[in-house]
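# Descriptive analysis of the structure
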Amino acid sequence: MAATLTEPNVLAAAKDTLYPDLDTRTDHYAVTETQFTKPSWGGWKIPHELHRRLAPYNTIRLMDGEPDLLGVGMPALEVLNADAATTPVTVIEAKGDNNDPSAADVRRGINQAHGHLSEVNIGYVAAPIQSITDQARALARDLNIGVIGVESPYDATLIEPARVTGVGDFSTTIDAIRFQATTHRLTEGSFPVNHPKNYLGYALALAADGDTPDVYSEYVINSVPGGRRGAILLGLVDNRPDGEILTHLGAEVVRFARAQHGTVDTALDEFVSWKGRSTPFTDLAPRWAQLARSVAIQYEPTQLIIEALERLHQRGIKPATIDAVVREACRINQPLAVEVFFTQSRREDVLTADGDIDESELTDPTVYKSGIHFQFKYHLRHLGLLTEGGTDDKGEVLSNEWAVNQAVGL
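Quick caveat: nothing in here was measured; it's all calculated off a predicted structure. (Residues numbered from 1 in each chain as written. Predicted model: local features only at pLDDT ≥ 70, side-chain atom pairs only at ≥ 80, totals over all residues. Heavy atoms only, no water.)

## What to know about the overall build of the protein chain
Regarding its fold elements, the protein chain presents 16 helices and 13 strands. Relative to a compact globule of 410 residues, whose C-alpha radius of gyration would be 22 Å, the protein chain shows 23 Å and is just as compact. C-alpha atoms of the protein chain, sized along the principal axes, occupy 70 × 45 × 35 Å. Per-residue burial for the protein chain yields a buried fraction of 54% across its 410 residues. A sequence separation of at least 24 residues applies to 68% of the contacts in the protein chain between residues at least 6 apart. Summing over all exposed atoms, the protein chain offers an accessible surface of approximately 16,700 Å²; the carbon and sulfur share of this is 45%. Distance between charge centroids for the protein chain: 3 Å, based on 36 positive and 56 negative side chains. (Helix = DSSP H or I, 4+ residues; strand = E, 2+ residues; numbered from the N terminus. Rg over C-alpha atoms; globule rule 2.2 N^0.38 Å. Buried < 20%, exposed > 50% of the residue type's maximum accessible area, 1.4 Å probe, protein only. Contact = heavy atoms within 4.5 Å. Areas by Shrake-Rupley, 256 points an atom, 1.4 Å probe, with all protein chains shown as cover. Lys, Arg positive; Asp, Glu negative; His and termini not counted. Charge placed at Lys NZ, Arg CZ, Asp CG, Glu CD.)

## A short note on the nonpolar core
Membership of the largest hydrophobic core comes to 72 residues, with the highest contact counts inside it found for Leu204, Trp288, Phe341 and Phe342. Dropping the residues within four chain positions of it, Phe342 is found in contact with Val326, Ala337, Arg347, Val350, Ile357, Leu362, Val367, Tyr368 and Lys369. In this structure, Trp41, Leu50, Val150 and Ala162 belong to the second largest nonpolar core, which totals 31 residues. (Core = buried A, V, L, I, M, F, W, Y, C linked by side-chain atoms within 4.5 Å.)

## Things to note about the packing of aromatic side chains
The description of an aromatic ring pair uses the distance of the two centres, along with the angle that the planes make with each other. Here the structure, examined in full by the defined rule, presents ten aromatic pairs. Between the aromatic rings of Phe271 and Trp274, the centroid separation amounts to 4.7 Å while the plane-to-plane angle is 45°, which identifies the pairing as tilted. For Phe271, a relative accessible area of 1% translates into the label buried. Summarising the aromatic geometry, the rings of Trp274 and Phe281 are spaced 5.4 Å apart at their centres and angled 80° between planes, so their arrangement reads as edge-to-face. (Phe/Tyr/Trp six-rings, centres within 6.5 Å; stacked < 30°, edge-to-face > 60°.)

## Digging into the pattern of salt bridges
Enumeration over the complete set of coordinates arrives at 18 salt bridges. A salt bridge links Arg228 to Glu244, with the nearest nitrogen and oxygen atoms 2.4 Å apart. A residue pair is termed long-range when its members are at least 10 positions apart, and Arg228 in helix H8 (residues 224-233) and Glu244 in strand E13 (residues 243-246) qualify at 16 residues. In this structure Arg228 comes out as partly exposed when scored by relative accessible area, which is 23%. (Salt bridge = Lys/Arg side-chain N within 4 Å of Asp/Glu carboxyl O.)

## Considerations on the side chain of Asn333
The topology assignment puts Asn333 in helix H14 (residues 322-341). In this structure Asn333 comes out as buried when scored by relative accessible area, which is 14%. In this structure the side chain of Asn333 is engaged in a polar contact, spanning 3.2 Å, whose partner is the backbone nitrogen of Leu336. (Polar contact = N/O pair within 3.5 Å; in protein donor to acceptor, adjacent residues only side chain to side chain.)

## Some thoughts on the confidence of the model for the protein chain
For the protein chain, the mean per-residue pLDDT works out to 91, and 93% of the residues sit at or above 70. Helix H1 (residues 7-18) holds the highest mean pLDDT among the elements of the protein chain, 98, whereas helix H5 (residues 172-182) holds the lowest, 61. When the criterion is pLDDT under 50, residues 183-187 qualifies, and its contacts beyond four places in sequence or with other chains add up to 16 contacts. (pLDDT = per-residue confidence, 0-100.)

## Description of the pairing of E13
Here four bridges tie strand E12 (residues 237-240) to E13, and the two strands are oriented antiparallel to one another. The residue bridging Arg240 from the neighbouring strand is Gly243, located in E13. Hairpin connection from E12 to E13: two residues lie between these consecutive antiparallel strands. (Pairing = 2+ DSSP bridges.)

## Focus: the packing of helix H6 (residues 197-207) against helix H7 (residues 212-219)
Relative orientation of the contacting elements H6 and H7 amounts to 135°, with a least axis distance of 9 Å. One way to sum up the angle between H6 and H7 is to call them oblique. Both H6 and H7 take part in a crossing whose hand is right-handed. Where H6 approaches H7, its residues Asn198, Gly201, Tyr202, Ala205 and Leu206 are matched on the opposing element by Thr212, Val215 and Tyr216. Of the residues that constitute the contact of H6 with H7, the class distribution is five nonpolar, three polar and no charged. (Axes fitted to C-alpha atoms, helices over the stretch in contact; angles between N-to-C directions. Parallel < 35°, antiparallel > 145°, perpendicular 65-115°, else oblique. Left-handed = near helix turned anticlockwise from the far one by under 90°. Nonpolar A, V, L, I, M, F, W, Y, C, P; charged D, E, K, R; others polar.)

## A closer look at helix H4 (residues 134-142)
Residues Ala136, Leu139 and Ala140 constitute the buried set of H4. On an axial view of H4, the arc spanned by its buried residues comes to 100°, and they lie on one face. Looking at H4, the residues exposed on the side facing more than 90 degrees away from the buried face are Asp134, Gln135 and Asp142. Along its buried surface, H4 packs onto helix H3 (106-115) and strand E9 (145-152). (Arc of directions from axis to C-beta.)

## A word on the environment of Ser131
Structurally, the position occupied by Ser131 is in the loop between strand E8 (122-128) and H4. In this structure Ser131 comes out as buried when scored by relative accessible area, which is 7%. As a C-alpha pair, Ser131 and Arg107 span 24 residues in sequence and 9.8 Å in three-dimensional space. Apart from the residues lying within four places of it in its own chain, the contact partners of Ser131 are Pro101, Ser102, Ala104 and Val106.

## A closer look at the sheet that holds strand E5 (residues 69-72)
The strand order E4-E1-E5-E7-E8-E9-E10 describes an open sheet built from seven strands, whose pairing is mixed. Two strands lie at the open edges of the sheet, namely strand E4 (57-58) and strand E10 (155-160), each paired on one side alone. Both E5 and strand E7 (residues 89-94) contribute to a ladder of four bridges, which runs antiparallel. By the bridge assignment, Leu69 is partnered in E7 with Ile92. Sitting on the sheet, H3 touches E7, E8 and E9, and the angle it makes with E8 is about 165°.

## As for a negative patch on the surface
The grouping of Asp209, Asp211, Asp214, Glu218, Asp265, Asp269 and Glu270 at the surface amounts to a negative patch. When residues of the negative patch are traced back to their parent elements, those giving at least two are H7 and helix H10 (264-273). Per element, the largest residue contribution to the negative patch is three residues, and it comes from H10. Tracing the sequence through the fold places Glu270 in helix H10. (Patch = residues over 30% accessible without salt bridge, like charges linked within 9 Å, V, L, I, M, F, W, Y side chains within 5 Å.)

Take a look at the structure:
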């Protein structure tokens, strides 16, 4: 039994039990605190497979401490008062023991989880099942904390259901995690294609007569999944269980098309003429580019990148390189910067166990998402926000220039 129910094992079993469909559920997301990137736990070497199960990682710092895991989306187990939240934020506090599973401090975990309820909706403690006493269960019920009994590194059982509670303002950390989840984790938060017309065009195709994919592939581009994902990322389209609908922002795109061209069909005829054009969108269709720019600036990664570049510009760093942009972005909002810039598979290298950035890793081009330094950077160039487009050559990532057009000194 020794070392089978250590805290990392307990956390992995609880994560898999609460969120069993993370790879397929586009509205669920979970991140583990960076302390679990350590190579060993109390002298016990953490297996690589366990590190993989707990990934991805991010710095999780809430007002009442650092929970072991943050999840977004309704857990798969019974939740009391579940109708009170559609996309709840959940914390898990894991307790284990390297030698005696019955010695895990469940009561402390319950109190820690309860301390986070001012910032999240649902709290759980996960612990070896033999450590969960009747007294601990009673305390958890009183404090609205769920209890997960872990039987093995891969098996866990719901002992006490959690209850959805009220929540105050979300912290920077939770906003970042919610961002990643509410954008459906599409291409890990990166853009699938690089031209603004491709996202605006999906909103028009959805509003046009006919089958949306057919209309889109005929008038905009053949990459229907890419355009669809981008439209969701930018908040133009909402993918609901009963089908896709235009958001208020997407509806405004349709109104603009009708105001400019008379009908959606006529607007789509204009989109056909833009196929395959590399001309900056600001020159090709200035008014449409301005609309696309107003959409893009509402997207949180856009705001983060532009603010970072503005700050660098004020210090005389223009143009900047991606590593400088990331350092500055991390000063502004590190959890969001981690979600936006770094691939999930390399976060263990970039983040230290204390939750800081290992800046020596920022000169490794492979830690960055290609969607950021290629498609998304070109997207911002087409809108006139950046002076240069991106690159898909990893050998050029560190020398590719980043600079904002018309810095205003925010």
